[in-house]
Amino acid sequence: MSSGLSTSETLLAVVVIALTTFLTRAGLIVAGDRVRLSHTAESALRFAPACALAALVVPEILFPMGTLDLSLDNPRWPAALAATLLLLRHTSVTGAIALGMTVYAIVRGLS
Amino acid sequence: MFPAFPGIAAWGLVTGVAMVKSGLTVAMALVMTLVAYAGSAQLAVLPLMAAAAPLWVIGVTALMTNMRFVIYAAALRPWLAAFTAPQRLALGYLTGDFPFVLFMNRVARDGPFGHRDGWLLGMSVAGWVVWQLASVVGIVAASFVPTEWGLQFAGTLALLALVVPALKNAPTAVGAIVAGAVALVGHGWSYRSGLLAGIVIGMITASVTEALVGRRAVSR
């Protein structure tokens, strides 16, 4: 399969993507205290990590191929469920990855 | 950060493979991983590039996928007083999801801990090295990496491991559930706008929940 864009178009697209990454990440970090936010906004930012992770992770788990799949053809949700149950008792990234990937492999093997 | 390395490595590897399999040359994939360094945005634009979508569609999709970094930067900003301008630029390139979340979890627990600037920069550099090594392996060995193992899911599990412990706080849990639900409903929205919508609506819901819970506690 070959890319639909020419080499120069691809390079331009890569530069544009890099610019969006750098400007979004660096903008407010570089601006520092020159930008002031309301107390309400500062307070809401405490919830940014959990909300961002949930918005990233939930579609990855339930939409493996771009559509909702709650059958056992999608081993991601039982794996994520097992990892979540473990994590509620015991915070371990390594444990969550190990248990999650094990359940993933087992469910894949069964279906 | 160190327990998250297998997740970062798996995700970097899969992103490297995906770039080559979607039709990028090895050289172009190496340029992309080094200059863009944004896994979610890279994965979001690859199908568009393969389909020769207009440049502005590619740009807007990358921008929407990356808009959460504006929120991250806003949250980090009050903690970075000690950073020099070059350090801020370095962070602006390096700080993805993992260093941000780990740093925010640490300051939520310990407050303004000592050497936090060096801690964040060090974690970000370590995450970059692990990601880039894995991504280069994925690019060079794309045809040898088994995609059927679902390696990318290890990255998802690492992110899950960072969010679940925070759910013991009720407003955070409500916000995260709403954020996840909106991202799910908005999964097919243009330019990956469902992701940003989920984050913003989740944060607002968490704040409102906290205000309501707080008011009820006071009135008792």
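### Some thoughts on the overall build of chain A
Here is step 1 of the chain: Along the backbone of chain A there are five helices and zero strands.
Here is step 2 of the chain: Tracing chain A from N to C terminus, the helices and strands come up as α-α-α-α-α.
Here is step 3 of the chain: Dimensions along the principal axes, computed over C-alpha positions, put chain A at roughly 55 × 50 × 25 Å.
Here is step 4 of the chain: Here chain A holds 111 residues, and 47% of them are scored as buried.
Here is step 5 of the chain: Residue pairs at least 24 apart in sequence account for 28% of intrachain contacts in chain A once pairs closer than 6 positions are excluded.
Here is step 6 of the chain: A total of about 5,800 Å² of accessible surface is found on chain A, and carbon and sulfur atoms cover 66% of it.
Here is step 7 of the chain: A distance of 10 Å separates the average location of the 7 positive side-chain charges in chain A from that of its 6 negative side-chain charges.

### Considerations on unusual backbone geometry
Residues and elements named next belong to chain B.
Here is step 1 of the chain: Residue H115 is not a glycine yet carries a positive backbone phi of 55°.
Here is step 2 of the chain: Looking at the element boundaries, H115 is found in the loop between α7 (97-110) and α8 (116-140).
Here is step 3 of the chain: Since its relative accessible area comes to 70%, H115 is described here as exposed.

### Brief notes about the nonpolar core
Here is step 1 of the chain: One finds B:L76, B:F98, B:F100, B:F153, B:L160, B:I199 and B:M203 to be the most contacted residues of the largest nonpolar core, which totals 78 residues.
Here is step 2 of the chain: Counting residues per element, this core draws most heavily on helix α3 (residues 48-62) of chain A, at 11 residues.
Here is step 3 of the chain: The residues contacting B:F100, other than those within four sequence positions of it, are A:A48, A:P49, B:Y72, B:A75, B:L76 and B:T95.

### Considerations on the pattern of salt bridges
All names here are of chain B.
Here is step 1 of the chain: The final tally for this structure, using the stated rule, is six salt bridges over all chains.
Here is step 2 of the chain: Of the charged contacts, one joins R109 and D110 as a salt bridge, the two residues approaching to 3.2 Å between their closest N and O atoms.
Here is step 3 of the chain: In this structure R109 comes out as exposed when scored by relative accessible area, which is 63%.
Here is step 4 of the chain: Through salt bridges with shared partners, one network takes in R106, R109 and D110.

### Brief notes about the interface of chain B and chain A
Here is step 1 of the chain: The interface of chain B with chain A comprises 87 residues on the first partner and 66 residues on the second.
Here is step 2 of the chain: Across the chain B to chain A interface the summed buried area is about 6,600 Å²; carbon plus sulfur atoms make up 77%.
Here is step 3 of the chain: Ranking the residues of chain B by area buried against chain A places B:R77, B:F153 and B:L184 at the top, with a combined share of 11%.
Here is step 4 of the chain: Linking chain B to chain A there are two salt bridges.
Here is step 5 of the chain: When the shortest N-O distance is used, the salt bridge between A:R46 and B:E210 registers 2.7 Å.
Here is step 6 of the chain: Linking chain B with chain A are 11 residue pairs in polar contact (both at pLDDT 80 or more).
Here is step 7 of the chain: With 11 residues, helix α9 (residues 152-163) of chain B is the single largest residue contributor to the side of chain B that touches chain A.
Here is step 8 of the chain: Of the residues contributing to the side of chain B that touches chain A, the split by class is 60 nonpolar, 19 polar and eight charged.

### Quick word on the packing of aromatic side chains
Residues and elements named next belong to chain B.
Here is step 1 of the chain: For the structure shown, the criterion picks out nine aromatic pairs over all chains.
Here is step 2 of the chain: Their ring planes at 5° and their centres at 3.9 Å tell us that Y72 and F100 sit as a pair that is stacked. Of this pair, Y72 sits in helix α5 (residues 68-76) while F100 sits in helix α7, and the two are 28 residues apart along the sequence. Across the pair, exposure class does not vary: Y72 and F100 are buried alike.
Here is step 3 of the chain: Ring centres of F113 and W119 lie 5.5 Å apart, and the angle between their planes is 85°; on these two criteria the pair is classed as edge-to-face.
Here is step 4 of the chain: When its relative accessible area of 23% is taken as the criterion, W119 is described as partly exposed.

### What about empty space enclosed by the protein?
Here is step 1 of the chain: All told, the structure shown has two cavities of 30 Å³ or more when counted by the stated rule.
Here is step 2 of the chain: Lining the largest cavity are 20 residues, with B:Y37, B:G96, B:D97, B:F98 and B:W131 positioned closest to its centre.
Here is step 3 of the chain: The set of elements that each furnish at least two residues to the lining of the largest cavity consists of α1 (5-21), α3 (39-50), α5, α7 and α8 of chain B.
Here is step 4 of the chain: When residues of the lining of the largest cavity are assigned to their parent elements, the largest contribution, four residues, is made by α8(B).
Here is step 5 of the chain: Residue composition of the lining of the largest cavity, by class: 11 nonpolar, six polar and three charged.
Here is step 6 of the chain: In this model, the second largest cavity occupies a volume close to 50 Å³.
Here is step 7 of the chain: A:A55, A:P59, B:A183, B:G186, B:H187, B:R192, B:S193, B:G194 and B:L195 together form the lining of the second largest cavity.
Here is step 8 of the chain: Going through the elements one at a time, α3 of chain A together with α11 (193-219) of chain B are the ones with two or more residues in the lining of the second largest cavity.
Here is step 9 of the chain: Per element, the largest residue contribution to the lining of the second largest cavity is three residues, and it comes from α11(B).
Here is step 10 of the chain: When grouped by side-chain class, the residues that make up the lining of the second largest cavity number four nonpolar, four polar and one charged.

Reading the values: rules and limits
Residues numbered from 1 in each chain as written. Chains lettered and ligands numbered in written order. Predicted model: local features only at pLDDT ≥ 70, side-chain atom pairs only at ≥ 80, totals over all residues. Heavy atoms only, no water. Helix = DSSP H or I, 4+ residues; strand = E, 2+ residues; numbered from the N terminus. Buried < 20%, exposed > 50% of the residue type's maximum accessible area, 1.4 Å probe, protein only. Contact = heavy atoms within 4.5 Å. Areas by Shrake-Rupley, 256 points an atom, 1.4 Å probe, with all protein chains shown as cover. Lys, Arg positive; Asp, Glu negative; His and termini not counted. Charge placed at Lys NZ, Arg CZ, Asp CG, Glu CD. Core = buried A, V, L, I, M, F, W, Y, C linked by side-chain atoms within 4.5 Å. Salt bridge = Lys/Arg side-chain N within 4 Å of Asp/Glu carboxyl O. Buried area = accessible area lost by both parts, 1.4 Å probe. Polar contact = N/O pair within 3.5 Å; in protein donor to acceptor, adjacent residues only side chain to side chain. Nonpolar A, V, L, I, M, F, W, Y, C, P; charged D, E, K, R; others polar. Phe/Tyr/Trp six-rings, centres within 6.5 Å; stacked < 30°, edge-to-face > 60°. 1 Å grid on protein atoms, 1.4 Å probe; cavity = no way out; pocket = protein on both sides within 12 Å on 5 of 7 lines; lining within 4 Å. Points joined across faces, edges and corners; volume = space filled by probe spheres on them.

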